Amino acid sequence: MRQYKYYEFVLVAFVAVLLCSNLIGPAKIAELELPLIGTVTFAAGVLFFPISYIFSDILTEVYGYGRDRRAVWAGFGALAFASFMAFTVVNLPAASFWVDKQAAVESVFGNTWRIVLASLIAFWSGSFINSFVLAKMKIWTQGKWLWTRTIGSTVVGEFVDSGLFYTIAFWGIMTTDQIITVALTQYVLKTSWEILATPLTYWVVARLKRAENEDYYDRNTNFTPFSLKV
């Protein structure tokens, strides 16, 4: 197996962004007044979660689907453990001098099983679809027009991610119209991030390809998500 200089660093950055955006981001609901749009309400994590898709695009574009698949499984495992740890910490008996702080801990880390399940399923599905689309588009475009791949894969991946998360997490709690409205708002915000980050993505990809002497094409790749092979 070929060794790379920076692959592990990109993988760790991907997992770190994923964990922070899922653990810290949901702790606050933000509201902004935007020109022409008006008031937009969103979970603060939406500002940072799309960065994980940018890292996924970089991993697939430079190192190939197989190595991004490893990163996705690493992220999935990290999210699952963080969810288990949060559940354990929240449900441990609070010390007598900590009782008055217990409500705050529960409000930040006490996600319901539906939220956790929705988050894991949405991330797993959206990430693999994002990587698959980008890998296939790279072959179709013969490595040209990187922006079409990064944006196109994100459009598909984030659509699946947002649709699954809000449907699983809030079906029966919110009306169908409310779910669609919130999911579309988050989807537009996340996808807009990818478009705005395109120049940075170009720069990072170009630097990594030169440094690693790699520009992987997934021509003979087995795209099953249930593998760690590269």
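How each quantity is defined
- Residues numbered from 1 in each chain as written.
- Predicted model: local features only at pLDDT ≥ 70, side-chain atom pairs only at ≥ 80, totals over all residues.
- Heavy atoms only, no water.
- Helix = DSSP H or I, 4+ residues; strand = E, 2+ residues; numbered from the N terminus.
- Rg over C-alpha atoms; globule rule 2.2 N^0.38 Å.
- Contact = heavy atoms within 4.5 Å.
- Areas by Shrake-Rupley, 256 points an atom, 1.4 Å probe, with all protein chains shown as cover.
- Salt bridge = Lys/Arg side-chain N within 4 Å of Asp/Glu carboxyl O.
- Buried < 20%, exposed > 50% of the residue type's maximum accessible area, 1.4 Å probe, protein only.
- Polar contact = N/O pair within 3.5 Å; in protein donor to acceptor, adjacent residues only side chain to side chain.
- Axes fitted to C-alpha atoms, helices over the stretch in contact; angles between N-to-C directions.
- Left-handed = near helix turned anticlockwise from the far one by under 90°.
- Nonpolar A, V, L, I, M, F, W, Y, C, P; charged D, E, K, R; others polar.
- Phe/Tyr/Trp six-rings, centres within 6.5 Å; stacked < 30°, edge-to-face > 60°.

J.: Would you mind going over the overall build of the protein with me for this structure?
T.: Looking only at helices and strands, the protein has eight helices and two strands in total. Seen in sequence order, the protein has helices and strands lined up from the N terminus as α-β-β-α-α-α-α-α-α-α. Here the protein has a C-alpha radius of gyration of 19 Å; the compact-globule value for 230 residues is 17 Å, and the two agree. Summarising the internal contacts of the protein: among those between residues at least 6 apart in sequence, 80% fall at separations of at least 24. Carbon and sulfur atoms make up 70% of the accessible area of the protein, which amounts to about 12,700 Å² in all.

J.: Hey, could you run me through the pattern of salt bridges in this one?
T.: Working definition: two side chains of opposite charge can pair if their charged atoms are close together. Following the criterion strictly, the structure yields eight salt bridges and no others. For K209, the salt bridge is made with E61, and the minimal N-O distance between the two is 2.7 Å. Taken together, the positions of K209 in helix α8 (residues 198–212) and E61 in helix α2 (residues 49–63) put the pair 148 residues apart, joining distant regions of the chain. On the basis of relative accessibility, which here comes to 0%, the residue E61 falls in the buried class. In this structure, D161 engages K190 in a salt bridge whose closest nitrogen and oxygen atoms are separated by 3.6 Å. Of this pair, D161 sits in helix α6 (residues 146–170) while K190 sits in helix α7 (residues 176–196), and the two are 29 residues apart along the sequence. When salt bridges with common partners are traced through the structure, they connect E61, K138, R149, K209 and D215 into a single cluster.

J.: What should I look at first to understand the side chain of E214 in this one?
T.: By the element assignment, E214 lies in the segment after α8. Only 2.5 Å separates the side chain of E214 from the side chain of Y4, close enough to count as a polar contact. Ignoring anything within four residues of it in the chain, the contact list for E214 reads R2, Y4, V62 and K209.

J.: Would you mind showing me how to read the environment of V72 here?
T.: Within the secondary structure layout, V72 lies in helix α3 (residues 65–91). Since its relative accessible area comes to 0%, V72 is described here as buried. Each C-alpha atom, one on V72 and one on P225, is 9.2 Å from the other, the two residues being 153 residues apart in sequence. If we skip the residues at most four places from it in the chain, V72 touches F14, F123, S127 and F128.

J.: I keep staring at the side chain of S21 and nothing clicks. Help me out?
T.: By secondary structure assignment, the location of S21 is in helix α1 (residues 7–23). Note on S21: relative accessible area 7%, which makes it buried. At 2.9 Å, the side chain of S21 forms a polar contact with the backbone oxygen of V17.

J.: What am I meant to see in unusual backbone geometry here?
T.: Among all residues except glycine, the phi angle is most often negative; among peptide bonds, the trans geometry is most common. Even without a glycine there, the phi angle at W145 is positive, about 55 degrees. Backbone geometry places N213, a non-glycine residue, at a positive phi of 55 degrees. Its location among the elements puts N213 in the segment after α8.

J.: So what exactly am I meant to see when it comes to the packing of α2 against α8 here?
T.: For any two helices packed against each other, one specifies the crossing angle of their axes together with the interaxial distance. Two elements in contact, α2 and α8, have axes whose closest approach is 10 Å; the angle formed by their N-to-C orientations is 35 degrees. For the element pair α2 and α8, the recorded crossing hand is right-handed. Packed against α2, whose contacting residues are I54, I58, E61, V62 and Y63, the element α8 presents T201, V204, V205, L208, K209 and E212 at the interface. Residue classes in the contact of α2 with α8 are distributed as seven nonpolar, one polar and three charged.

J.: What's the story with the packing of aromatic side chains in this structure? I'm lost.
T.: Each pair of aromatic rings is reported with the distance of its centres and the angle of its planes. Taken as a whole and assessed by the stated rule, the structure comprises 16 aromatic pairs. Ring centres of F165 and F170 lie 6.2 Å apart, and the angle between their planes is 80 degrees; this geometry places the pair in the edge-to-face category. Note on Y166 and F170: the rings are 5.9 Å apart at their centroids and 25 degrees apart in plane angle, and the pair reads as stacked. Of this pair, Y166 and F170 both sit in helix α6, separated by four residues, roughly a single helical turn. Residue Y166 is classed as buried on the basis of its relative accessible area, which comes to 10%. An aromatic cluster of at least three residues, connected via ring pairs, comprises Y65, W73, F76, W124, F128, F132, F223 and F226.

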